[in-house]
Amino acid sequence: PFLADTVRIDAVIGRLAGPLTMKGVMVETETFRLELGKIDLDWRPSRLFRLLLDFDQIKVEGLHYTQLKVTKPQKEERSEPIALPEKIVFLLDLRLGNVSLRDFEFRSLPDSAPLIIDSALLEAALSRRQLVISTLKVSAPLLAVEGDVRLTTNQDYLLNGELRWNVPLPDYPSLIGKTVLQGSLHSLTLNQSIAEPYNVEAVVHLRNLINNLTFDATLDMMPLDLKTLNADLPPITLQLGVTGKGSPDDMVVNMKSWLEAPELGRLNSSLTGGLKGKTFILDEFKVTVPEQPGQVTFNGQVEMAEEQNLDFTANWQHLQWPLEGNPSIISPAGFLKLSGTVQNLHASLDTAVGKTGRIQGKVERQEKDIDVALDWSDIQWPVQDPQFESPEGHIAAAGKIEDYALAISANLAVPEQTAAELQLKGRGSLEALEFSGIDIRALGGRLEGNARVAWKPELQSTVSIEGQGFNPGEIMKDWPGKLGISLQAQGGMHDKQPSLQLQQLQIQGELRGHE
């Protein structure tokens, strides 16, 4: 009869002076529901006469909290900055002998995944000028922590402590680290280390933690072989060092790193940038190859508003692939520029390829409307002794993202053997490409037909083509002729297995003087 309608307690055993047990506690309002399976409380109220609030034990089991409705927090207008008083003196001392928690769950919404803590243990004492957490242990699926912390509440608010933690990672070695705190709430140093195989060391200096926070930090990661983390990862070794300083809304960051891989060799990189208000600024991110002139440089900024607005440019000089040895393709210079938002995006590309080749392109997106164009000229591959050439080509797509027209045209050639002209016309969507017109002129003949490729709900394709007048003698002099071809086929993936069905294949005509 003494409880509000929103509160229920199934059982109360013991006495208020302790020990006391409550079971089956539930509190439910419009905004939250709290369920508590059991709480055991043992304290010594007689010590209040000595100004000591003394708990021998607080044992909590089955604490589940669910947020039923999200309420928008009201904006707090702060007219004056927060300042720590010269000292804080508590009227009572507090001792927490053994505070334990088992089976804790927190849900931000009824149907959201819970944040779980399997168990926690706390032993602490608060005197009139000092807080001492002598034992802190937390065990959860996402994190395990144990350590101790000491804070004084006078003079400089001295703060010291050590936390040892373990973060399990599926399919990778756990992150096992140690955080050491030393200093005060006015100037605090955090020494952070993460054990092998990650081998990370970091030092963070924080000043004015309560008001006008500023920092400077360094982080060093020793050379890390990705295969030591997971055998399925590529054989890449990387190392990096990062420095930063400033405040949460006005900071500068610098990074230097390198990466090595058998197929790439070594890449060096450096970054300078930072954060200004809600704008991330990339002054320069440069990637270079040792003892080679090739480099790629990125710069730009992103406004971290409700709709992120970006403006980025990439410039490169003397690029080649592969990075070492004789290149198959080179790009003496070029740039790529991106600007706008995801829904309203502009991109442009202009790059030199090989000795005289060039590729230019643009992408325009306005909400669901797209306009894409790509042109190339004098493309040869590889650079030395080309086996393939494309004197010119063009790709265009325009319309809605879910329904656009697509056209491809290209001149192709195998040097000193044959040439071909390709024309494709069709439509595309988010699920498939359908070419209603395929027109290929090669070997003195012409091939026409249609095709369709879909990738939703799974990969499926069909093709139907017919052609006449093909002369194999253009590429094989001893096999002159005039052939016709008719082909119908379909294929794709079914139950994660590739399949191909050849429905029709007919080749007829004259070859080496015979029909």
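Anything mentioned here points back to the structure above.
Quick look at the structure, then. (Residues numbered from 1 in each chain as written. Predicted model: local features only at pLDDT ≥ 70, side-chain atom pairs only at ≥ 80, totals over all residues. Heavy atoms only, no water.)

Describing the overall build of the chain
Counting secondary structure elements, the chain contains zero helices and 31 strands. Over its C-alpha atoms the chain spans a radius of gyration of 35 Å, topping by over 25% the 24 Å that the globule rule assigns to 515 residues. With the C-alpha coordinates aligned to their principal axes, the bounding extent of the chain is approximately 120 × 55 × 45 Å. Put simply, 33% of the contacts in the chain that link residues at least 6 apart link residues at least 24 apart. Placing the 48 positive and 68 negative side-chain charges of the chain at their respective mean positions leaves the two points 8 Å apart. (Helix = DSSP H or I, 4+ residues; strand = E, 2+ residues; numbered from the N terminus. Rg over C-alpha atoms; globule rule 2.2 N^0.38 Å. Contact = heavy atoms within 4.5 Å. Lys, Arg positive; Asp, Glu negative; His and termini not counted. Charge placed at Lys NZ, Arg CZ, Asp CG, Glu CD.)

Quick notes on unusual backbone geometry
Of note, the amide linkage connecting glycine 18 to proline 19 takes the cis form, showing an omega dihedral of -5 degrees. Inspection of the secondary structure puts proline 19 in the loop between strand E1 (7-14) and strand E2 (20-28). Here the residue pair glutamate 196 and proline 197 is connected by a cis peptide bond, since its omega of 5 degrees sits within 30 degrees of zero. Along the polypeptide, proline 197 turns up in the loop between strand E11 (187-194) and strand E12 (200-207). With a phi close to 55 degrees, histidine 318 is a non-glycine residue in the positive phi region.

Notes on the pairing of strand E4 (residues 52-67)
In the sheet, strand E3 (residues 32-43) pairs with E4 via eleven bridges, with the strands oriented antiparallel. Bridged to leucine 36 within E4 is leucine 63. Strand direction decides the pairing type here: E4 and strand E5 (residues 93-107), joined by twelve bridges, are parallel. If you follow leucine 63 over to E5, its bridge partner there is phenylalanine 104. (Pairing = 2+ DSSP bridges.)

Brief notes about the pattern of salt bridges
All chains considered together, the criterion is met by 25 salt bridges. Across the salt bridge formed by arginine 266 and glutamate 260, the nearest N and O atoms sit 3.8 Å from each other. Its relative accessible area of 31% is what places arginine 266 among the partly exposed residues. Residue glutamate 260 is classed as partly exposed on the basis of its relative accessible area of 36%. (Salt bridge = Lys/Arg side-chain N within 4 Å of Asp/Glu carboxyl O. Buried < 20%, exposed > 50% of the residue type's maximum accessible area, 1.4 Å probe, protein only.)

Concerning the nonpolar core
In terms of nonpolar packing, the biggest core is built from 15 residues, with Leu36, Ile58, Val60, Leu63, Leu96 and Leu101 touching the most fellow members. Mapped onto this core, the elements with two or more residues apiece are E3, E4, E5 and strand E6 (115-126). The residues contacting valine 60, other than those within four sequence positions of it, are Leu36, Lys38, Ile39, Ser100, Leu101 and Arg102. The next biggest cluster of nonpolar side chains, apart from the first, holds 13 residues, and it includes Ile194, Tyr198, Val200 and Leu233. (Core = buried A, V, L, I, M, F, W, Y, C linked by side-chain atoms within 4.5 Å.)

Considerations on the packing of aromatic side chains
A full pass over the atoms with the stated rule returns four aromatic pairs. When the centroid spacing of 5.6 Å and the interplanar angle of 5 degrees are considered together, the rings of tyrosine 65 and phenylalanine 106 count as stacked. Pair noted here: tyrosine 65 is in strand E4 and phenylalanine 106 is in strand E5, with a separation of 41 residues, a long-range link. The side chain of arginine 512 reaches across the aromatic face of tryptophan 479, ending 4.7 Å from its centre. (Phe/Tyr/Trp six-rings, centres within 6.5 Å; stacked < 30°, edge-to-face > 60°. Lys NZ or Arg CZ within 6 Å of the ring centre and 35° of its normal.)

Concerning a nonpolar patch on the surface
Taken together, the side chains of Leu48, Leu51, Leu91 and Leu92 make up a nonpolar region of the molecular surface, amounting to roughly 360 Å² of accessible area. Note that leucine 48 resides in the loop between E3 and E4. (Patch = residues over 30% accessible without salt bridge, like charges linked within 9 Å, V, L, I, M, F, W, Y side chains within 5 Å. Areas by Shrake-Rupley, 256 points an atom, 1.4 Å probe, with all protein chains shown as cover.)

Quick word on the environment of glycine 444
Note that glycine 444 resides in the loop between strand E27 (432-442) and strand E28 (445-454). For glycine 444, the residues in contact, after removing those within four places along its chain, are Gly469 and Glu474.

A look at the pairing of strand E23 (residues 369-381)
Judged from the nine bridges that link them, strand E22 (residues 357-366) and E23 form a sheet pairing that is antiparallel. Along E23, the bridge assignment pairs arginine 365 with isoleucine 370. Hairpin remark: E22 followed by E23, antiparallel, with two residues in the connecting loop; positive phi at glutamate 367, about 55 degrees. Note: E23 against strand E24 (residues 388-400), twelve bridges, orientation antiparallel. Looking at E24, one finds that aspartate 369 is bridged to lysine 400.

Description of the side chain of aspartate 40
Looking at the secondary structure, you find aspartate 40 in strand E3. For aspartate 40, the residues in contact, after removing those within four places along its chain, are Leu20, Thr21, Gln57, Ile58 and Lys59.

Quick word on the environment of aspartate 220
In this fold, aspartate 220 is placed in strand E13 (residues 214-225). A C-alpha to C-alpha distance of 15 Å links aspartate 220 and threonine 237, two positions 17 residues apart in sequence.

Structural notes on the environment of leucine 53
Among the secondary structure elements, leucine 53 is positioned in strand E4. Leucine 53 sits 72 residues away from alanine 125 along the chain, and the two C-alpha atoms are 9.9 Å apart.

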